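# Per-entry structural report
Chain residues, written in single-letter form:
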Amino acid sequence: MRIAVLSDIHSNLIALDAVLAHAGRVDAVWHLGDIVGYGPDPDGVVARLADVGAIGVRGNHDAAAVGGREIDSFNREARLAMEWTRAHISSTTHDWLDALPQVRTEGEMTLVHGSPLDPTWEYVTDERSARENIAALPTPHGLHGHTHVPIAWFGRADDPGARVQGEVTIDGDVRGIAGRRAFLNPGSVGQPRDGDPRASYLILDPGSGTASWHRVEYDIDAVAAAMTAAGLPARLAERLSFGV
Ligand code: ZN
């Protein structure tokens, strides 16, 4: 079984399509939220995800898009893009986003945007928060997004409170998850922030107990042009080509 795990697509349909094409035949598509925000094609992204039967959770941008107060904590560019998103999404997109749960359990995996302790907002970027959140997982393993940086956190299966180890993952990395507690971040499809502008995602294979990370090139110029044409903030378009 192969499951494509996608996060932080951020209304970037061209990146999403490149990732789906790269993943090829998969048995399921899971997403970890922030479907919309920043990018130019929220309706197209939601339609594609609905089309492939993707299941997942809501992120802070998704919550803001359907009217949530999350928008109050956004920086200027994110807020402008969110106001644009609110004004442009269809009622179908609105209702699809509004129906997303904050947490989802699939077999041995818990899916969240931020963390099990704070599904909407917590950025798990250090070993301390990773350890606390691995201990809080209701399942052996977890998947999270929100930071836009691909990483694998590993704890001990026999001692959930023990020290954890964070392993930065790059294109082609494969990690075994059997026999330990894994808390995995696929990175961002639509707005990577680890200095590599290529779209990032992971493939989970529960049968063999492995996760593999992948980076995919896409037409960044076309997305930036669509953002400019839509009147979205220029800095959001520029950052795509730097991957920050
Ligand atoms: Zn995000």
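Report on the accompanying structure. Remember, predicted model here, so these are calculated numbers, not experimental data.

Rules of the game
Residues numbered from 1 in each chain as written. Predicted model: local features only at pLDDT ≥ 70, side-chain atom pairs only at ≥ 80, totals over all residues. Heavy atoms only, no water. Core = buried A, V, L, I, M, F, W, Y, C linked by side-chain atoms within 4.5 Å. Buried < 20%, exposed > 50% of the residue type's maximum accessible area, 1.4 Å probe, protein only. Helix = DSSP H or I, 4+ residues; strand = E, 2+ residues; numbered from the N terminus. Contact = heavy atoms within 4.5 Å. Pairing = 2+ DSSP bridges. Axes fitted to C-alpha atoms, helices over the stretch in contact; angles between N-to-C directions. Polar contact = N/O pair within 3.5 Å; in protein donor to acceptor, adjacent residues only side chain to side chain. Right-handed = clockwise from strand over helix to strand, strands pointing away. Arc of directions from axis to C-beta.

### Observations regarding the nonpolar core
Within the largest apolar cluster, 43 residues are counted, with the highest numbers of intra-cluster contacts made by L6, I9, L16, I35, L97 and Y218. Elements with a minimum of two residues in this core: β1 (3-6), α1 (13-23), α2 (42-51), α3 (60-65), α4 (76-88), β11 (199-205), α7 (220-230) and α8 (234-242). Of all the elements, α1 adds the most residues to this core, at seven residues. If near-sequence neighbours (up to four positions away) are discounted, I9 is found in contact with L16, G33, D34, I35, V45, L49, V189 and G190. Counting 18 residues, the second-largest nonpolar core is a separate cluster that includes I3, L32, L143 and A211.

### Notes on the sheet that holds strand β12 (residues 210-216)
One open sheet accounts for six strands, arranged β3-β2-β1-β11-β12-β9; its pairing is mixed. Lying at the two open borders of the sheet, with one neighbouring strand each, are β3 (55-56) and β9 (174-176). Here strand β2 (residues 28-31) runs beside β3; their pairing, made up of two bridges, is parallel. Considered in β3, the bridge of W30 is made with I55. Sheet strands in contact with α1 are β1, β2, β11 and β12, and its direction is about 35° off that of β11.

### Quick word on the environment of V29
Looking at the element boundaries, V29 is found in strand β2. The exposure class of V29 is buried, given its relative accessible area of 3%. As for V29 and R128, which are separated by 99 residues in sequence, their C-alpha atoms are 30 Å apart. In this view, V29 contacts A4, L6, L20, V52, G53, A54 and I55; residues no more than four positions away in its chain are not counted.

### Section: the environment of D171
Assignment of secondary structure puts D171 in the loop between β8 (165-168) and β9. Looking at D171, the relative accessible area reads 36%, which means it is partly exposed. The spatial distance from the C-alpha of D171 to the C-alpha of I151 is 11 Å, given a sequence separation of 20 residues. A polar atom in the side chain of D171 sits 2.9 Å from the backbone nitrogen of R215.

### Side note on the side chain of T120
When you line up the elements, T120 lands in the loop between β5 (109-112) and α6 (127-136). For T120, a relative accessible area of 7% gives the class buried. A polar contact is formed between the side chain of T120 and the side chain of Q102, at a distance of 2.7 Å. Ignoring sequence-local partners within four residues, the contact set of T120 consists of N60, E70, Q102, H113 and H146.

### Focus on the pairing of β1
Alternating positions in β1 separate into two faces, I3 and V5 on one and A4 and L6 on the other, with burial throughout. Pairing between β1 and β2: four bridges, direction parallel. Residue pairing in the sheet places I3 in a bridge with A28 of β2. Handedness of the crossover is the feature at issue here: the chain leaves β1, passes through α1, returns alongside β2, and the resulting connection is right-handed. Here β1 pairs with β11 via three bridges, running antiparallel. The residue bridging A4 from the neighbouring strand is I203, located in β11.

### Examining α6
Each turn of an α-helix holds 3.6 residues, which means side chains three or four residues apart point in the same direction. Looking at α6, one finds that the buried residues are S129, A130, N133 and I134. Projected onto a plane normal to the axis of α6, the buried residues spread over an arc of 135° and lie on a single side. Looking at the buried residues of α6, the elements they touch are β7 (151-156) and β10 (180-185). N-capping of α6 is provided by D126, with a side-chain oxygen placed 3.2 Å from the backbone N of R128.

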